Each structure stands twice: as C-alpha cells, then as structure tokens.
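What follows is each chain in one-letter form.
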Amino acid sequence: MSESEVTRDGIRGARPGRHALVGKGMWNGERPGRKARKGGKGRKGDQPMVPRAEFTSYYGRPVLNPPTWHPRDIAGYFFLGGLAGAGSVLAAGAELTGRPVMARALKVSSLAALTGSAAALINDLGRPGRFANMLRVFKPTSPMSVGSWVLAAYGPMAGAAVASDLAGRLPRTGRAATVAAALLGPAVASYTAVLAADTAVPAWHDGYRELPFVFVGSAAAAAGGMALLASPVAENAPARGVALLGTAVETAAAKAMERRLGVVAETYREGRAGRLMRTAEALSAAGALGGALLGRRSRTAAAVSGAALLAASACTRFGVFYAGMRSAEDPKYTVLPQRERLEARREGSRDG
C-alpha cells in the first residue's frame, strides 16, 4: 500500500514513478485509424482499423489434406492414358482411310502408353491387387470405378488390335478390336479429368467444367504428335489436322478455366505449375503450326513437330497436377472461393 499523505506543502512519502502521466493512459485523445490531413503529418499511433487477414489454420496445417499422389505416377498416368485413348481413335481413322503405317504405329503406341499408364497407377496404389479390388463392384457415381472398368475393357481391345496387325492374321477380328478400342478411347482420354475434378482440391474441383476439355484437347494433340513422329509424310494429313484441333481446344479451355476460377487461377499461372503451363502452350503452338506448315513436305519437320506436341501434352498434365497440389496446401484457395460463393448467395437472396 502507498504510505504517502497530502499536507499543506504537498504530497509527502510518494514513491517515485507512481504518479499519473497525462496523455500516457489507455487512450491518448487520438482516434486510431484516422488518416492524416491533406498536407499535414499523420498523428502518432495511427493504424489500420482492421488488420490484414491471414489465411492460417489450426497448428499451421492446411485446410485440406493434400493428395498423397506422386507426381511421376499420377501425372504420368494422366498423360499416358490420354495418349492411349486418343491414339486409338486416330488409329481407327487411319485404318479406315487406307493409312496402314500410321494405323500400326498408333496401335502400338496406344498399347505401350496404356501399359505405362496402368503401371504408373499400380505403382501409386502400392499393390496390383488394389486395382483388381476396384473391379469387384461397379459404381456409376464413382469416377474411379467407372474408369477402372473402362480400362479393363479397353486394354484387351487395344491388345487384340495390335496382335492382329503385327501377325497379319484375323483381319476382321483385328478391325473389330480397333473400332472397339476407338469407341472406348474418348472415355479413356477424359475420365482422369473427371476423377481429378471429383476431389476437393480447389484447382481441380472448381475447374470441373473446363478440365475435361483441357485433357481431351491435350490428348488429341499428343496423338497427333505421335502420328507425325511415326508415320510418313504421305499419310500424316489427318495427324496435322488433329494436332491443330487438339491444340485449339486445349488452349481455349485452359484460358476459359483461368478466367472463371478467379483467385484459384493463380495456381495455374505461378510457380512450377505456371512455368509448365506456359511451356506447354509454347510447345503446342510451335508443334501444331510446324506440323501444319512444314510437316506436309519434310519428314524431319514433322518428327520435330510431333515431339514438341508430345512434350507439350506432358507439360500440361504435370502443370495441372502441381497446380492442384499448391491449391490444396494453401488455405487461401479454399477459404476465399467459399466466402465469395456465400456472399453471392446472400446477394441473390436479398434480390429475390
């Protein structure tokens, strides 16, 4: 307790430092956050009324658990599956229009791509038995279940088409298998986009409208590139057209997706994913134009253009993969779109 007392001569016994200081309390007479007057100096203690929001979560962990997929396995699975499916479609067209060298090359490359795609998937799953377990039931509402059954039906058709062509036997059976593989090819090329969009990863889930078109366009460009790389100039006219069409579809769909995604589109423009997507765009444009302008006359130019298209398709798949990983790791890409959708619903209810 204080032992000071007030006398005629003032305060006696006061401890130093115990007296009140004018203007040094909780409030110093100034309004926090008030801006400085024009031409004058800001007042001491001015500060923003609302601090900048920080997108954090409990214990610094992401809002979402990022997928445990490995880039080489899953992005490779996306790329090789698209190449196989689109290649089978182009192979059937080449066979039906009398282009045997292109047809054989695409049949073989499609089977090889399918084998690599299945190996990448099984490697990511950890055990081959897990893929077989997915065939125990058929769930139309599950993209993974539907995709597993599509692969199970497509594989034997692609294999039979190659075996008949290389052996030179059972041509009718081989043609039927080629047509069957072509009918299943679009599903093989596109279901991985539906599979990715069915997750909670913002960069994939929010792009569910355009992502299948990105994958199909990329797959078509890759198949056209493989045909340019492996077939003679006299037979590569369809490949040049498919490469141009696939590049146009992929580029248009990717740009539309970035415009619609808002803040989430940053994941496709920045960092590793941004570099891969820009590289894919440059390579696909160079490959498609090179094939269209020079591929009809020069075998070397056609092969170089085809290699560029294949590399562009691979870059697209890896770019999409890394964009998804980044959007799952940063809480901003989960929180901000949810807030925007909530505000939009509130405004719609007020207008209604």
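Only a predicted model underlies this, so the values are computations on that prediction, with no experimental measurement involved.

## Digging into the overall build of the protein chain
Then, number 1: In terms of helices and strands, the protein chain carries twelve helices and two strands.
Then, number 2: Starting at the N terminus, the α and β elements of the protein chain follow one another as β-β-α-α-α-α-α-α-α-α-α-α-α-α.
Then, number 3: Classification of the 352 residues of the protein chain by burial places 41% in the buried group.
Then, number 4: Sequence separation of 24 or more characterises 74% of the internal contacts of the protein chain that already satisfy a separation of 6 or more.
Then, number 5: In the structure as shown, the protein chain presents an accessible area of about 20100 Å², 59% of it carried by carbon and sulfur atoms.

## What to know about the environment of Asp 165
Then, number 1: Note that Asp 165 resides in helix α4 (residues 143–167).
Then, number 2: Taking C-alpha positions, Asp 165 is 9.4 Å from Val 108, a pair spaced 57 residues apart along the chain.
Then, number 3: Asp 165 has contacts with Arg 104 and Lys 107, leaving out every residue within four places of it along the chain.
Then, number 4: A polar contact of 3.2 Å, which involves the side chain of Asp 165, links it to the side chain of Lys 107.

## What to know about the environment of Ala 113
Then, number 1: Tracing the backbone shows Ala 113 in helix α2 (residues 100–125).
Then, number 2: Relative accessible area serves as the criterion here: at 3%, Ala 113 is assigned to the buried category.
Then, number 3: Excluding residues that lie within four positions of it along the chain, Ala 113 makes contacts with Leu 80, Leu 83 and Ala 84.

## Re the UniProt feature "transmembrane region" (unreviewed entry) in the protein chain
Then, number 1: The residues that UniProt annotates with the feature "transmembrane region" (unreviewed entry) are residues 74–93, 179–205 and 211–230.
Then, number 2: Annotated as 100% helix and 0% strand, the span residues 74–93 places its first and last C-alpha atoms 29 Å apart.

## Side note on the nonpolar core
Then, number 1: Counting residues in hydrophobic clusters, the biggest one holds 68 residues, and the most contacted among them are Tyr 77, Trp 204, Leu 211 and Tyr 268.
Then, number 2: At eleven residues, helix α1 (residues 71–96) tops the list of elements feeding residues into this core.

## What about the pattern of salt bridges?
Then, number 1: Counted under the stated rule, the structure contains nine salt bridges.
Then, number 2: Ionic pairing is found between Glu 95 and Lys 107, a salt bridge with its closest N-O pair at 2.3 Å. Of the two residues, Glu 95 sits in helix α1 while Lys 107 sits in helix α2, which places them twelve residues apart along the sequence.
Then, number 3: Classification of Lys 107 as buried rests on a relative accessible area of 7%.
Then, number 4: Between Lys 255 and Glu 281 there is a salt bridge, with its nearest N and O atoms 3.4 Å apart. Of the two residues, Lys 255 sits in helix α8 (residues 237–261) while Glu 281 sits in helix α10 (residues 271–293), which places them 26 residues apart along the sequence.
Then, number 5: Residues joined by salt bridges that share partners form a network here, namely Glu 95, Arg 104, Lys 107, Asp 165 and Arg 175.

Each value, and the rule that gives it
Residues numbered from 1 in each chain as written. Predicted model: local features only at pLDDT ≥ 70, side-chain atom pairs only at ≥ 80, totals over all residues. Heavy atoms only, no water. Helix = DSSP H or I, 4+ residues; strand = E, 2+ residues; numbered from the N terminus. Buried < 20%, exposed > 50% of the residue type's maximum accessible area, 1.4 Å probe, protein only. Contact = heavy atoms within 4.5 Å. Areas by Shrake-Rupley, 256 points an atom, 1.4 Å probe, with all protein chains shown as cover. Polar contact = N/O pair within 3.5 Å; in protein donor to acceptor, adjacent residues only side chain to side chain. UniProt positions renumbered as here; feature names shortened; annotations may be inferred. Core = buried A, V, L, I, M, F, W, Y, C linked by side-chain atoms within 4.5 Å. Salt bridge = Lys/Arg side-chain N within 4 Å of Asp/Glu carboxyl O.

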